[in-house]
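Close look at the chain arrangement
In case you want the letters, here they are:
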Amino acid sequence: MSHLISILVFSPLAGILALSLLSSKNERALKLAGLLGALLPMLIAVIAAASFERSASGIQLAEQVNWISYKMLKTGDAAYFSIRYEVGANGLSIVLMLLTAVISVLAAVGSWTVKRDWKSYFIFFLILELGMLGVFAAQNLFLFFIFFEITLIPMFFLIGRWGYADREKAAYSFLIYNGIGSAILLIVFVALFMRAGTLNYGELAKILSTNGYPGLGSTFRMSVLIALLVAFGIKLPIVPLHTWMLRVHVQAPPSIVMIHSGILLKIGAYGLFTFGIGFFPAEFKQLAVWIAVLGVINLLFGAFLAIVQTDLKKVLAYSSVSHMGIVLIGFAAMNEAGLKGAIFQLISHGLISALLFFLIGVLYERTGSSDLKDYSGLAGAMPVTAGVLLAGGLASLGLPGMSGFISEFLAFLGLFKVMPVIAAVGTLGIVLTAVYVLRAVLSVTFGPTRESYPVGRDMTAREKIPAFVLLGLVLVIGIYPGMLSEPLHTVLDTILLGLRG
Amino acid sequence: MDLQTLTSMNWGIMAPEFVVLGTALLLSLLDLFMTGKKSRRPLGILAIAGIAASFIFLYLQFGDPGASLFHDMYRLDSFSKAFKLILLLGTGLILVLAYDYQMKEEEEYRGEFYYLLLTALLGAMVMASSADMITLFIGLELLSLSSYVMAGLRKGKMESNEAAFKYVVTGGISTAVTLFGMSYIFGMTGETNLYAVGAALRDTSILQNQFLLVFAFFITFAGLTFKIASAPFHMWAPDVYQGSPLPVTAFLSVVSKTAGFALILRFFLLCFSSAPGIKGDQLLLQVQPYLAVLAGATMIAGNVIALRQRDIKRLFAYSSVAQAGYILVPFVSVSALLFETTWFYLLAYLFMNIGAFAVIQAVTAAAGTNDISGFEGLYKRSPWLAVAMTIFILSLAGIPLTAGFAGKFGIFMNALGTNPPHYILAGILMATTVVSYFYYFNIIGQMFFRTGQEGPRIQHKNGLLVVTAVCAAATLFFGIFPGAALHFFYNEFQFNDFFQVMEQK
């Protein structure tokens, strides 16, 4: 049995240990330790991805250890309710773990702008990374929940201590909304556990696909699915459960928003995909129309509001809402193209929004503002930054040749096959996306150059690395999507098999 | 009963109680003969030694088969052992904590505190190990009376007097209510032994008085909610917690509550497990909706009112009311996991709550006020204390990897593992847990987000450090490896002896 996944998940602990040994005054060493602490998981993630058998289906690199066991005496013999520690990876989760590790490293680079308390900042940062890796590695619901909650606490601190002016409110609203989400999840998970007797993904999927399993009637399934939809809908977020996420986008430090928008939001989609579609394909199909409608609402609502925002961070926050609508649209299609599009969108948006928020961090560092009014003619003063911003914007609006295009195209292709009318309404969103992205990007890039810009302070080498790495990945996926679709293939096959019944 | 029968009885099984009793007597004599000015602190060490000895005797009994004295008036069974473990552990930690407590002008009463705490513990232990209404009631009263005095130990302080007075009055009322309910049960069965009561209630002749039986159930239950501070008798908690010396507050919120739960479980499960309800159904099933309402009301009242508290001790009083509501959930749903999950949660609650009170003691002593602002910028002043407090609060809020979460997960398994599942109760539990985030995380926010004025550095006292470290370590350990506690539970305790009548050996 290989322990690669466990090592990967807990590798941020090495960084935490190193950080805790350093003096809290030594800024350089702390930042370096934080960066190295994030590099280590990336290294291991690459190794794990390399040893991952792409063509094989099922869970790979799986590990299992007995953990907790409840003995329930039922008329004579004892029934055991066992919870195991089990991790592993399928094609989707290995990709998401890799994405997590990469974005964390880049966000660690982006954290250079943090002004105080580096020690506790990087400790929370690495705990957050541990939680995110664990969420994707977990192979049972208990573990998923634990890692899910582990991401909550460091985020609360990171927003509340290192955010902007209104940070505490943002931290509390993050905590409460997500608390409600995990509250619903916990009830659902325990209810499933008590009825099916297991929490393992594979075993659960098998039990749920057997007809007439006692205690798992159709009403129960439907209510569980709706509960999951609400719980992950808060995380994703689905309008109208999105207000907390706007606050976080605006108030959290940019490097944390890179992670938040790049990965944490994806946990909602990952959960919806793995548990919603994976466990309850038939029920999901019944709800598909509603999910498609919700997706289109997300898409249009986010896009419309992004058009009128005056703060660059808010534009991107609403753009995230809008882009998550495409994920829902892809899910609702319930066919190969749609699901593929949705998953592509997860990864693509993870990269693009991380890139854009990194750039906001770069700009804020120099000007102390993210208001669109304060920007104009950036192309003259900071040509590289302006160029990357434009490229990121184009990727975001789905320019062919970049990752955004593939995902939007596939998602809509899928939906047009099954619900052409809703899809047609949804395409409006693509137009609106172009409008708000170009409006924001162009007003920053072009126009007369402001006198107030610090001259000659374009991106430094340190800042260029994350920007170009992210942009490179966006382009690579756009040009050669096969790189991504290969490992996803077997996952989609399994899901599609479940859909056909 | 002649001397020979008395000496022939197996008194050895009461060894843990005798040790506690002996220590209490010894301490009271020593206190009496010590000169007035002399420090009473050494008595604390003696008290801790007594608890340790009692603990060892209890530990030695773990392998023993069950036994009883006076026809189950006193029982040595898994149930009593499991709960006495928590009671002794809790009191031991509180004594260590109390060693550092500054009594200021009331320093001369320190000796009283020690032996009153021990007699209270003795009462609690009797509550855990008795299966007879008379002895259960004596245990209850011994615990209550000692607690009343302890609440008023700071005689010079108005609020301490207020606490003691309110505690006596509400306590007296609830005792009267309890006794009133018990008298009905006795009247219908003619028995005081719980097993005999249970057998008598199985009789069909009881069916004529079903309504009376349900009435008796609720009256007794309402009276006993006083000890665990749940609705309807929970309103004493904030005033008493606020006014009492801090170690007493910790004792009331942990040990006294655990004893209350032991009594409730023992009493109601033994008496009513097979009693018929109105029109056929089992009584325990029929009363479930009403008990659920009480548990729900407790959780809602505790958590919602806690939102508006500025005084940290009042806040923790409401928090402990809310926690009582959580712990009631397994009892309400009566699933097969009732004992281990209740026991586990009480164990977790012991560590997280005593730990939190240890930090509160340090912080309020340094700040000179009970106001929550005393926690401002604690992370800057003493980071380790802030980290420990964060662990306790996360555990109380039920965040994973703490014992509180593992306990809450068990409670959920109870609520949702029965047929039909208690979705509403589970929903209330979860919703109120989210509400509790507001006030729990507010404390965290005070410690980490606020800078606070440069307060005096908090002095680290040894006893306090030990308690905080032990509690934090245990909270984390049982959070990451709840299996360890469960394994211990299943190995050491066979709870099927709970319903067995033991003949005196």
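Residues numbered from 1 in each chain as written. Chains lettered and ligands numbered in written order. Predicted model: local features only at pLDDT ≥ 70, side-chain atom pairs only at ≥ 80, totals over all residues. Heavy atoms only, no water.

1. Quick notes on the overall build of chain A
Here is the rule we go by: For the purposes of this entry, the term helix denotes a DSSP run of H or I that reaches at least four residues, the term strand denotes a run of E that reaches at least two, and both are numbered from the N terminus. It is over C-alpha atoms that the radius of gyration is taken, and the globule rule equals 2.2 Å times the number of residues to the power 0.38. When a residue's accessible area, from a 1.4 Å probe over protein chains only, is under 20% of the maximum for its type it is buried; when over 50% it is exposed; and in between it is partly exposed. Only heavy atoms matter for contacts: two residues are in contact if any of them lie within 4.5 Å across the pair. Areas reported as accessible are Shrake-Rupley estimates using a 1.4 Å probe. Residue values count occlusion only from the protein chains shown. His is not counted, nor are the chain ends; Lys and Arg add positive charge and Asp and Glu add negative charge. Charged side chains are reduced to one point each, which is NZ for Lys, CZ for Arg, CG for Asp and CD for Glu.
Scanning chain A for helices and strands turns up 20 helices and two strands. Against the globule reference of 23 Å for 501 residues, chain A gives a C-alpha radius of gyration of 22 Å, in line with a compact fold. Summarising its shape, the C-alpha atoms of chain A cover approximately 85 × 60 × 40 Å along the three principal directions. For chain A, the proportion of its 501 residues judged to be buried stands at 64%. Taking as baseline every contact in chain A between residues at least 6 positions apart, the subset at least 24 positions apart corresponds to 79%. For chain A, the exposed surface amounts to about 16,900 Å²; the carbon and sulfur share of it is 68%. Taking the 32 positively charged and 23 negatively charged side chains of chain A as two groups, their mean positions are separated by 3 Å.

2. So, the pattern of salt bridges
Residues and elements named next belong to chain A. Going by this rule: By definition here, a salt bridge exists when the distance from a side-chain nitrogen of Lys or Arg to a carboxyl oxygen of Asp or Glu is within 4 Å.
Enumeration according to the criterion identifies 21 salt bridges over all chains in this entry. Linking Asp 117 and Arg 116 is a salt bridge whose minimum nitrogen-to-oxygen distance equals 3.2 Å. Arg 161 is the salt-bridge partner of Asp 117, the closest N and O atoms lying 2.6 Å from each other. A residue pair is termed long-range when its members are at least 10 positions apart, and Asp 117 in the loop between helix H4 (91-110) and helix H5 (118-137) and Arg 161 in helix H6 (residues 141-162) qualify at 44 residues.

3. Notes on the packing of helix H15 (residues 338-367) of chain B against helix H20 (residues 462-480) of chain B
Residues and elements named next belong to chain B. Note the cut-off: All axes here are fitted lines through C-alpha atoms, helices being fitted over the stretch that makes contact, and every angle between N-to-C directions spans 0 to 180 degrees. Rotating anticlockwise by less than a right angle from the far helix to the near helix defines a left-handed crossing, while the corresponding clockwise rotation defines a right-handed one.
Packing of H15 against H20 leaves a shortest axis separation of 9 Å and a crossing angle of 145°. The hand of the H15/H20 crossing is left-handed. On H20, the residues touching Phe 344, Leu 347, Phe 351, Met 352, Ile 354, Gly 355, Ala 358, Val 359, Gln 361 and Ala 362 of H15 are Leu 464, Val 467, Thr 468, Cys 471, Ala 474, Thr 475 and Phe 478.

4. Re the interface of chain B and chain A
What counts here: Pairs of N or O atoms are called polar contacts if they sit within 3.5 Å, as long as, within protein, a hydrogen donor faces a hydrogen acceptor (for residues adjacent in sequence, only side-chain-to-side-chain pairs).
Taken together, the contact between chain B and chain A spans 42 residues of the former and 37 residues of the latter. Where chain B meets chain A, there are two salt bridges. Across the pair Glu 168 of chain A and Arg 450 of chain B runs a salt bridge whose closest N-O atoms are separated by 3.1 Å. Counting across the interface, chain B meets chain A through five residue pairs in polar contact (both at pLDDT 80 or more). For the side of chain B that touches chain A, the elements supplying multiple residues, two or more each, are H15, helix H16 (378-381), helix H17 (383-396), helix H18 (403-417), helix H19 (423-448) and helix H21 (482-492) of chain B. For the side of chain B that touches chain A, the element with the highest residue contribution is H19 of chain B, accounting for twelve residues.

5. Considering the UniProt feature "domain: NADH:quinone oxidoreductase/Mrp antiporter transmembrane" (unreviewed entry) in chain B
We apply this condition: UniProt positions are given in the numbering used here, feature names are shortened, and annotations may be inferred rather than shown by experiment.
Using the residue numbers shown here, the UniProt feature "domain: NADH:quinone oxidoreductase/Mrp antiporter transmembrane" (unreviewed entry) corresponds to residues 130-429 of chain B. Segment residues 130-429 of chain B splits into 76% helix and 0% strand. End C-alpha atoms: 31 Å apart.

6. Quick notes on helix H18 (residues 420-445) of chain A
Residues and elements named next belong to chain A. Here is the rule we go by: Here a helix's expected span is defined as the number of its residues, less one, multiplied by 1.5 Å.
Counted at 1.5 Å a residue, the expected span for H18 with its 26 residues is 38 Å, and the 37 Å between its end C-alpha atoms agrees. Packed against the buried residues of H18 are helix H12 (281-308), helix H13 (312-333), helix H15 (378-381), helix H16 (383-396) and helix H17 (403-418). Of the residues flanking the end of H18, it is Gly 447, one or two places downstream, whose phi is positive at about 95°.

7. Examining the nonpolar core
Stated formally: We call a set of buried Ala, Val, Leu, Ile, Met, Phe, Trp, Tyr and Cys residues a nonpolar core when their side-chain atoms join them within 4.5 Å.
One finds Phe 144 of chain A together with Phe 267, Phe 272, Phe 409 and Phe 441 of chain B to be the most contacted residues of the largest nonpolar core, which totals 396 residues. Here this core gets 20 residues from one element, more than from any other, and that element is H15 of chain B. Ignoring sequence-local partners within four residues, the contact set of Phe 272 of chain B consists of Ile 185, Leu 201, Leu 213, Phe 217, Phe 267, Leu 283 and Leu 284 of chain B.

8. Some words on the UniProt feature "domain: NADH:quinone oxidoreductase/Mrp antiporter transmembrane" (unreviewed entry) in chain A
Look at the UniProt record and you will see "domain: NADH:quinone oxidoreductase/Mrp antiporter transmembrane" (unreviewed entry) annotated at residues 138-433 of chain A. Taken as a whole, residues 138-433 of chain A contains 82% helix and 0% strand, while its terminal C-alpha atoms sit 35 Å from one another.

9. Observations regarding a nonpolar patch on the surface
Residue and element names in this part refer to chain A. As a reminder, the rule being used: Patch criteria: residues need more than 30% relative accessible area and no salt bridge. Like-charged residues are merged within 9 Å; nonpolar side chains of Val, Leu, Ile, Met, Phe, Trp and Tyr are merged within 5 Å.
There is a patch of nonpolar side chains on the surface, built from Leu 475, Val 476, Ile 479, Tyr 480 and Met 483 and spanning about 460 Å² of accessible area. Ranked by residue count, the leading element in the nonpolar patch is helix H19 (residues 461-479), at three residues. When you line up the elements, Met 483 lands in helix H20 (residues 482-500).

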